[in-house]
Amino acid sequence: MTLTVTSMPAGAIIRSDHGEGDAVMSTFVAEWEKSDLDRHMDNGCWRIKSFTATWPSGATASTERTVRLCGGQKQYGLVINRPRTAPGGQQDYEFSLKAAAEQRQVQQAEQAARQAQADARANAVIEGLAAGFAAGMDARAARQQQAQPVQIAPMRCISRRKISGAVETECN
């Protein structure tokens, strides 16, 4: 089971205290595995401790004291919304937009790198196939030359002088 906690707007540091005081922090997304969650069952639901999000402006928001995860799913999501009345909202939204743009650039660079690797692998396969094809054609041509040697038949010619003085040659 995975719990993904995000902030709205993005960019808050998300903290939770699970177990022996371990704090989990993330700028955008925090994930906890089943083994990391507080394992209290309540009518088939997981009960976990609350989460707090802190934005760059200093605004904070928390979930309820205990969060219940029900339904036996493998993945759960939780969003912590920034309080509208907290000061510094413009700063937090600008940070979120800037962070999202930077994240898109990173994703685009990663995608370009993956595409370049895929292209390189495809080119290597094509070059390998072309080399194999060329080698096969060379071998075929060599076999054809060996299988059909050119034979030159001996030629016999006889030359005779005619009464007129001209020379006549016959070959067979």
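Residues numbered from 1 in each chain as written. Predicted model: local features only at pLDDT ≥ 70, side-chain atom pairs only at ≥ 80, totals over all residues. Heavy atoms only, no water.

Before going further, it helps to examine the overall build of the protein. Scanning the protein from N- to C-terminus turns up one helix and twelve strands. For the protein, the α and β elements follow one another from N to C terminus as β-β-β-β-β-β-β-β-β-β-α-β-β. Residues classed as buried in the protein amount to 21% of the 172 residues present. By sequence separation, contacts in the protein at least 24 residues apart represent 49% of the contacts at least 6 residues apart. Entry remark: accessible area of the protein is about 12800 Å², with carbon and sulfur atoms responsible for 52%. (Helix = DSSP H or I, 4+ residues; strand = E, 2+ residues; numbered from the N terminus. Buried < 20%, exposed > 50% of the residue type's maximum accessible area, 1.4 Å probe, protein only. Contact = heavy atoms within 4.5 Å. Areas by Shrake-Rupley, 256 points an atom, 1.4 Å probe, with all protein chains shown as cover.)

Glancing now at the side chain of Asp92. Within the secondary structure layout, Asp92 lies in helix α1 (residues 89-147). Beyond its immediate sequence surroundings of up to four residues, Asp92 is in contact with Pro9, Trp55, Pro56, Ser57, Ala59 and Arg82.

Generally speaking, soluble globular proteins have nonpolar side chains that are buried together. One finds Leu3, Val5, Phe51, Trp55, Leu69 and Ile80 to be the most contacted residues of the largest nonpolar core, which totals 17 residues. Mapped onto this core, the elements with two or more residues apiece are β1 (2-8), β6 (45-49), β7 (51-54), β9 (66-69) and β10 (75-81). No other element matches β10, which puts three residues into this core. (Core = buried A, V, L, I, M, F, W, Y, C linked by side-chain atoms within 4.5 Å.)

Moving on, we get to the state of the cysteines. In this structure the tally under the stated criterion is one disulfide. Covalently, Cys157 is tied to Cys171 through a disulfide, its sulfur atoms 2.0 Å apart. Its torsion about the S-S bond being 110°, the disulfide of Cys157 and Cys171 is classed as right-handed. One end of the pair, Cys157, is in strand β11 (residues 157-161); the other, Cys171, is in strand β12 (residues 167-171), and 14 residues separate them in sequence. Exposure remark for Cys157: the relative accessible area of 44% places this residue in the partly exposed category. (Disulfide = S-S within 2.5 Å.)

Quick look at the environment of Arg68 now. For Arg68, the position within the fold is in strand β9. Look at Arg68 and you get partly exposed, because its relative accessible area is 44%. Along the primary structure Arg68 and Ile48 are separated by 20 residues, whereas in three dimensions their C-alpha atoms are 6.4 Å apart.

On to the pairing of β10, then. A one-sided burial pattern is seen for β10, the buried positions being Tyr76, Leu78 and Ile80 and the unburied ones Gln75, Gly77, Val79 and Asn81. Sheet topology note: the β1/β10 ladder contains seven bridges and is parallel. Within the sheet, the bridge partner assigned to Leu3 lies in β10 and is Tyr76. (Pairing = 2+ DSSP bridges.)

Under the counting rule described, the total for this entry stands at three salt bridges. Notably, a salt bridge pairs Asp92 with Arg82, separated by 2.5 Å at the nearest N-O pair. Of the two residues, Asp92 is situated in helix α1 and Arg82 in the loop between β10 and α1; the sequence distance between them amounts to ten residues. In this structure, Asp92 and Arg82 share a single accessibility class: buried. Across the salt bridge formed by Lys162 and Glu168, the nearest N and O atoms sit 3.7 Å from each other. A relative accessible area of 41% means that Lys162 is categorised as partly exposed. Its relative accessible area of 33% is what places Glu168 among the partly exposed residues. (Salt bridge = Lys/Arg side-chain N within 4 Å of Asp/Glu carboxyl O.)

The subject of this paragraph is the confidence of the model for the protein. With 81% of its residues at a pLDDT of 70 or more, the protein shows a mean pLDDT of 79. The lowest-confidence element of the protein is strand β3 (residues 22-23), averaging 46 in pLDDT; the highest-confidence one is strand β8 (residues 60-62), averaging 90. Across residues 19-24, where pLDDT falls below 50, the model places eight contacts with residues more than four positions away in sequence or in other chains. (pLDDT = per-residue confidence, 0-100.)

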